[in-house]
Amino acid sequence: DSGVTQTPKHLITATGQRVTLRCSPRSGDLSVYWYQQSLDQGLQFLIQYYNGEERAKGNILERFSAQQFPDLHSELNLSSLELGDSALYFCASSEATAGANVLTFGAGSRLTVL
Amino acid sequence: AQKVTQAQTEISVVEKEDVTLDCVYETRDTTYYLFWYKQPPSGELVFLIRRNSFDEQNEISGRYSWNFQKSTSSFNFTITASQVVDSAVYFCALSRPTGTASKLTFGTGTRLQVTL
């Protein structure tokens, strides 16, 4: 158990729908990151939050949004879902924001869009 | 822009063989960090090692060793006497030292299959 908790583990939904993925970081970690892993794109960085504030944005679609709450948990919202959004979504956390920080990953949320 | 290349898509070895996973990176930064992560069949990403760009000493941890060569921009990973439990996808990653944000740029991964 890495200490990073992601729910749900699996999610099956239809095109056009909206889903929310939840992440609780490891105790003491202030930074949360979201990554998408798909067969064609590999592991892609989506977005990072530090202590409630957005710190970095990667290849995140406009249909996707995220936030980090005061208790440091984070949610990734995916809307108007398309078949291509099917992927494994990872949340990771770290103590701070520097590049030296080791990211601890959760087990992932597998999204299937039918 | 940063880039990590893992040219070996898949490697198959027989148990007890040694295997080296290659990683080549590109960056314009003079300070940076390199990582290896393991993704076993269960799917989670497990941290293996972090190395900063100023530390070119090779590192050994049990059956695992890492060879960092700045001159060739490579950070290769060797498993000695491989075991079936080593079967996984291994990712090399690179991050920048910026203080306000950090994100890992991953390679495409190398799938290692160890058979009896």
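See the structure above.
Residues numbered from 1 in each chain as written. Chains lettered and ligands numbered in written order. Predicted model: local features only at pLDDT ≥ 70, side-chain atom pairs only at ≥ 80, totals over all residues. Heavy atoms only, no water.

Details of the packing of aromatic side chains
For step 1, the next point in the chain: All told, the structure shown has 20 aromatic pairs over all chains when counted by the stated rule.
For step 2, the next point in the chain: Pairing Y37(B) with F47(B) gives two aromatic rings, centres 5.8 Å apart and planes at 65°, and the pair type is edge-to-face. Taken together, the residues span a long stretch of sequence, with Y37(B) in strand β5 (residues 33-39) and F47(B) in strand β6 (residues 46-52) at a distance of 10 residues.
For step 3, the next point in the chain: The exposure class assigned to F47(B) is partly exposed, which follows from its relative accessible area of 33%.
For step 4, the next point in the chain: Feature note: the residues Y35(A), F45(A), F90(A), F105(A), F35(B), Y37(B), F47(B), F91(B) and F106(B) constitute an aromatic cluster, connected by ring pairs.
For step 5, the next point in the chain: Note that K70(B) overlies the ring of F54(B), its terminal NZ or CZ placed 4.9 Å from the centroid. (Phe/Tyr/Trp six-rings, centres within 6.5 Å; stacked < 30°, edge-to-face > 60°. Helix = DSSP H or I, 4+ residues; strand = E, 2+ residues; numbered from the N terminus. Buried < 20%, exposed > 50% of the residue type's maximum accessible area, 1.4 Å probe, protein only. Lys NZ or Arg CZ within 6 Å of the ring centre and 35° of its normal.)

Topic: the interface of chain A and chain B
For step 1, the next point in the chain: Contact with chain A, which involves 20 residues of that partner, is made by 21 residues of chain B.
For step 2, the next point in the chain: Around 1,600 Å² of area is buried between chain A and chain B when both sides are counted, 59% of it from carbon and sulfur atoms.
For step 3, the next point in the chain: When the buried area of chain A at its contact with chain B is split by residue, L43(A), G99(A) and F105(A) rank highest and sum to 30% of it.
For step 4, the next point in the chain: The interface formed by chain A and chain B holds zero salt bridges in total.
For step 5, the next point in the chain: Where chain A touches chain B, the interface holds three residue pairs in polar contact (both at pLDDT 80 or more).
For step 6, the next point in the chain: Looking at the side of chain A that touches chain B, the elements with two or more residues in it are β4 (31-38), β5 (42-50), β6 (53-57) and β9 (87-94) of chain A.
For step 7, the next point in the chain: Grouping the constituent residues of the side of chain A that touches chain B by class yields 13 nonpolar, six polar and one charged. (Contact = heavy atoms within 4.5 Å. Buried area = accessible area lost by both parts, 1.4 Å probe. Salt bridge = Lys/Arg side-chain N within 4 Å of Asp/Glu carboxyl O. Polar contact = N/O pair within 3.5 Å; in protein donor to acceptor, adjacent residues only side chain to side chain. Nonpolar A, V, L, I, M, F, W, Y, C, P; charged D, E, K, R; others polar.)

Section: the layout of surface pockets
For step 1, the next point in the chain: Of the volumes computed, that of the largest pocket is approximately 960 Å³.
For step 2, the next point in the chain: Lining of the largest pocket is provided by 43 residues; of these, Q37(A), S38(A), G42(A), Q39(B) and F91(B) occupy positions nearest its centre.
For step 3, the next point in the chain: Counted by class, the lining of the largest pocket contains 14 nonpolar, 23 polar and six charged residues.
For step 4, the next point in the chain: In this model, the second largest pocket occupies a volume close to 260 Å³.
For step 5, the next point in the chain: Lining the second largest pocket are 17 residues, with S2(A), V4(A), F105(A), G106(A) and A107(A) sitting closest to its centre.
For step 6, the next point in the chain: Contributing elements (two or more residues each) for the lining of the second largest pocket: β1 (5-7) and β10 (104-105) of chain A together with β6 of chain B. (1 Å grid on protein atoms, 1.4 Å probe; cavity = no way out; pocket = protein on both sides within 12 Å on 5 of 7 lines; lining within 4 Å. Points joined across faces, edges and corners; volume = space filled by probe spheres on them.)

Overview of the side chain of D85(A)
All names here are of chain A.
For step 1, the next point in the chain: Looking at the secondary structure, you find D85 in the loop between β8 (74-78) and β9.
For step 2, the next point in the chain: Of note is the side chain of D85, whose polar atom sits 2.8 Å from the side chain of R63.
For step 3, the next point in the chain: Setting aside residues up to four positions removed in sequence, D85 forms contacts with Q36, L61, R63, F64, S80, L111 and V113.

With respect to the pattern of salt bridges
For step 1, the next point in the chain: Per the stated rule, a full pass over the model turns up seven salt bridges over all chains.
For step 2, the next point in the chain: Between D29(A) and R26(A) there is a salt bridge; the shortest N-O distance is 3.1 Å.
For step 3, the next point in the chain: Residue R26(A) is classed as partly exposed on the basis of its relative accessible area of 31%.
For step 4, the next point in the chain: A salt bridge links R63(B) to D86(B); the nearest nitrogen and oxygen atoms lie 2.8 Å apart. You can see R63(B) sitting in the loop between β7 (59-61) and β8 (64-69) and its partner D86(B) sitting in the loop between β9 (74-79) and β10 (88-95), a full 23 residues away along the chain.

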